[in-house]
Every structure is written in structure tokens, then in C-alpha cells.
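# Structure at a glance
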Amino acid sequence: GVGSHAAHMLARSGIGYLRFIDFDQVTLSSLNRHACATLEDVGIPKVLAMKRFLEKVVGLSNGNDGGCVMDARAMMYTRENQDELLNDGPQKFDFIVDAIDDIQTKADLLTYCYKTNTRVISCMGAGGKSDVTRLHIGDLRSASRDALASKLRSVLKKRGVDIDDEQIQICYSSEKTVVPLAQLTEEQKQMDREGGVKQQLGAVDNMRVRLLPVLGTMPAIMGQSLAAYTLCELGGKPFSPVAGERIGRNVRHRLHQHFKNREKKLKDEVLTKANKSLDDVPDGGCNINGTFVGPVMIDADDVEYLMAEVWRNRCAVTKERLGVVVELVRWDRSKPSTCQNIVLMSQKAVQKFDVEGRDGIEESVRRDIEARLATCKIDASI
């Protein structure tokens, strides 16, 4: 979906030569996000559907008539065929737009671009997200709340790729992913038991069968963003993207570590009073005398999400902004330490909360806090 929207706008904007590379075919499930595919295109390669549509928009070209030459390659990009796909044109490509959603293949392409000094803009995850105001263009290091970007950073570092290189830019969403992988239907589960899921669903080796649900507007806007960045770079009118600002790593680490220490202290107290040990607690945790005892269920990215998006860097009780020392606190001790049960408080408010509990907070403030917790997005990884 992302690539089709980018290609569509690049062609309409006057790019003279476009090469489309994609092994996949148009499916019914992809029609909600593809820029131009129709029911008639189901079953044909996506690159051919793209070329057929754009020929009606910008016309055919032989390269000498001012039109757009469109080279459709219905192939999977691999490390073995990258020279065939990217190094056999009349000249070096000016720009590469990457909309690959497989980590290893994406890493292969970005490694190639880094080594050949080729400018590239790469799209991160669009699945499971919906808030278009959270889209950013920046470098890989700045990307937050994007699982694809996090894994890609790790892979590229191992390959010796400088993730701060200005040749590599990315488009990503800093929104928290809020839906899990789509579940297989009963029919697909039966196919899986019979060993036929890959054949029937068109999956290939090393590609996942289950997908994150995609709201069609996200790949469309991300694809348009890729095209806008590319066009401005090629046109000599580059813009300086305002990347999503992350809360400092030290702040996130401190709050996360303090919260883990707080949870450990609570766990030790509960186990001691109940005359139990850690061996009595299952891996997923359990409730002991009204208090849930179990693992901490947030990470550093969740800390940032809680601070910036849920509590807006304010103490939930006093509404004081940053500038006061704040801590994360489990709101309801009978429930696990997920994002839906963690509140940001000033140290003064925490001290009172530890003595008096929720009863020590005004009823109207409690209602506000619980209403805010109710809007907190459920983490799809839990």
C-alpha cells in the first residue's frame, strides 16, 4: 500500500524514470490500502497493476518524449539480485523509496544504499496505527514506538551501518501500536493443520502469514509523505523535518528503574507478610491477599508513552508539570503493572499515596485519573 501511493504521486509529479520492484500480487485484502488496484487486478502482480494505471495518467514514454518511463519488475528483492535490480539502469538511481515490510530484506536494501552512497527514504510500520498526527520523518535513531525501527536499528548496527547517516531517512509513526496480529480464521487454522497455509495464502519463505490489521489511510498518507520528501530533495527544495522528540533516555531509564525498584519492594513486602517466596508465584503473576504480585509489564518506550501521551508530563494528582520530581505508581494494587494501571505523580503526592492510598485523593481527582486510565491504549504485545 505505502509503495503504491508513493509511486502514484511521483509519476503524477513528473518523475522521468520509475522502477517498481515487488514480487507480490494484488489480493482482495490489499484493496483497502492500494492506491490504484481494482477488483479486476486481483491475482496479477502489483507492479503491473501500478504500471497499467499510471500509463492512463501520464502515458507511455520511450525516454525521449518528456514522459515517464515505467519499468515494472515482478521480483523479490534479495541480496543476491540487488545488482540486477538496482545497478543495471542507464545511470545510478537518484533516489530509492523503500516500502519493504520484512526486516531482513529491508536491512539488505538499506545496507546496499549505505555502501553505494545512494539516497533512500524508508517507511517503517503502518500496521496497527491510525493517528496521522503522529507521523514523522527523521533518522533511525530518533524513531520511537516503532517495533520495525527498533529491530532494524539492531540489525544495521551489526552490519556496520551508520544509522545516523544523512543518506538514510525514515518515515515512521510514534503512535503506540494498539492491535495484535490478525488471528487466523477457522478455515485458515484447518489449512495450517493440513500444511497448506503458505500455498493458499501466497506466503513465501521467511515471510509472515499473519499480518497486523491496516487502516487504509495510514499507508496512503505515509506513501504521500515519502513522495513529498523525495520530490523536494530531487527538486533542490529540501525541507527540514521536525522529528518526534523523545523524552531523554536518562529520564526514561531513571523512571523505569525507580518503578521496578518500587514494584520489587512491594512484592517483597507482600510475600513476607503472606509467608511465601518467589517460588510460590507463577511466571505470569498472581494475586496474594489483594495485591497482584508479578513481573513489571512496561518497558522504556511505555514510560515515554505514559509520560508524554497519557499524563502529558503532569502529576495526575496536583496537575504540576515537569519541574517537580515525578514517579510512576501502580494505581490499583490488585491489578498488574500495565500501562492501564500506572499513574504519574510528584514525589510529594507519592508519599501521601503510599500512606493513605486512593482514599487520600479527592473523589473528583480520582474520577479524572480513572477516566484517563480508561482511555489508555491496550498494549498489543501483552
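Each remark here, short or long, concerns the structure printed above.
Rules used throughout
Residues numbered from 1 in each chain as written. Predicted model: local features only at pLDDT ≥ 70, side-chain atom pairs only at ≥ 80, totals over all residues. Heavy atoms only, no water. Buried < 20%, exposed > 50% of the residue type's maximum accessible area, 1.4 Å probe, protein only. Helix = DSSP H or I, 4+ residues; strand = E, 2+ residues; numbered from the N terminus. Contact = heavy atoms within 4.5 Å. Polar contact = N/O pair within 3.5 Å; in protein donor to acceptor, adjacent residues only side chain to side chain. Pairing = 2+ DSSP bridges. Axes fitted to C-alpha atoms, helices over the stretch in contact; angles between N-to-C directions. Core = buried A, V, L, I, M, F, W, Y, C linked by side-chain atoms within 4.5 Å. 1 Å grid on protein atoms, 1.4 Å probe; cavity = no way out; pocket = protein on both sides within 12 Å on 5 of 7 lines; lining within 4 Å. Points joined across faces, edges and corners; volume = space filled by probe spheres on them. Phe/Tyr/Trp six-rings, centres within 6.5 Å; stacked < 30°, edge-to-face > 60°. Salt bridge = Lys/Arg side-chain N within 4 Å of Asp/Glu carboxyl O.

Our focus in this paragraph is helix H10 (residues 300-310). Burial analysis of H10 places eight of its eleven residues in the buried class, the great majority of the element. Three or more residues of H10 are buried, namely Asp302, Val303, Glu304, Tyr305, Leu306, Met307, Glu309 and Val310. Those residues of H10 that are buried lie in contact with helix H9 (249-273), strand S9 (326-330), strand S10 (342-346) and helix H12 (363-375). For H10, the N-terminal capping position is held by Asp299, with its side-chain oxygen 3.1 Å away from the main-chain nitrogen of Asp301. Phi turns positive, to about 50°, at Arg312, one or two residues after H10.

Next up on the list: the sheet that holds strand S4 (residues 120-123). Taken in spatial order, the four strands of this open sheet run S3-S4-S6-S5, and their pairing is mixed. The open sheet has two edge strands, strand S3 (96-98) and strand S5 (135-138), and neither has a second partner. Ignoring strand direction, the axes of neighbouring strands in this sheet form an average angle of 15°. When S4 meets strand S6 (residues 168-173), the two strands line up parallel, connected through four bridges. For Ser122, the partnering residue across the bridge sits in S6 and is Ile170.

Formed by 29 residues in total, the largest nonpolar core has its most connected members in Trp311, Leu328 and Met345. With residues near it in sequence (within four places) discarded, Leu328 still touches Leu255, Phe259, Arg262, Ile298, Val303, Leu306, Ile342, Val343 and Leu344. Within the second largest apolar cluster, 24 residues are counted, among which are Tyr77, Ile96, Val120 and Ile168.

Reported here for the second largest pocket is a volume of approximately 310 Å³. Every residue along the wall of the second largest pocket is listed here: Arg262, Glu263, Lys265, Leu266, Glu269, Lys273, Val329, Arg330, Arg333, Phe353 and Asp354. Contributing elements (two or more residues each) for the lining of the second largest pocket: H9, S9 and helix H11 (347-356). Looking at which element gives the most residues to the lining of the second largest pocket, the answer is H9, with six residues.

The final tally for this structure, using the stated rule, is four aromatic pairs. Measuring from centroid to centroid gives 6.1 Å for Tyr17 and Phe93, while their planes differ by 45°, and the two rings are tilted. One end of the pair, Tyr17, is in strand S1 (residues 17-21); the other, Phe93, is in the loop between helix H3 (82-86) and S3, with 76 residues separating them in the sequence. Seen in terms of ring centroids, Phe95 and Tyr229 are 6.3 Å apart; in terms of plane orientation they differ by 70°. Their pairing is edge-to-face. Here Phe95 is found in the loop between H3 and S3, whereas its partner Tyr229 is found in helix H8 (residues 217-234), with 134 residues between them in sequence. Ring pairs connect the aromatic residues Phe95, Tyr229 and Phe239, which therefore count as one cluster.

The subject of this paragraph is the pattern of salt bridges. Tallying each qualifying case throughout the model produces 15 salt bridges. Linking Arg73 and Asp71 is a salt bridge whose minimum nitrogen-to-oxygen distance equals 3.0 Å. Look at Arg73 and you get buried, because its relative accessible area is 17%. Among the salt bridges present, the one from Asp131 reaches Arg134, with a minimum N-O distance of 3.3 Å. Among the charged side chains, a salt-bridge network with shared partners connects Arg19, Asp71 and Arg73.

Nothing here speaks to function; it is all geometry.
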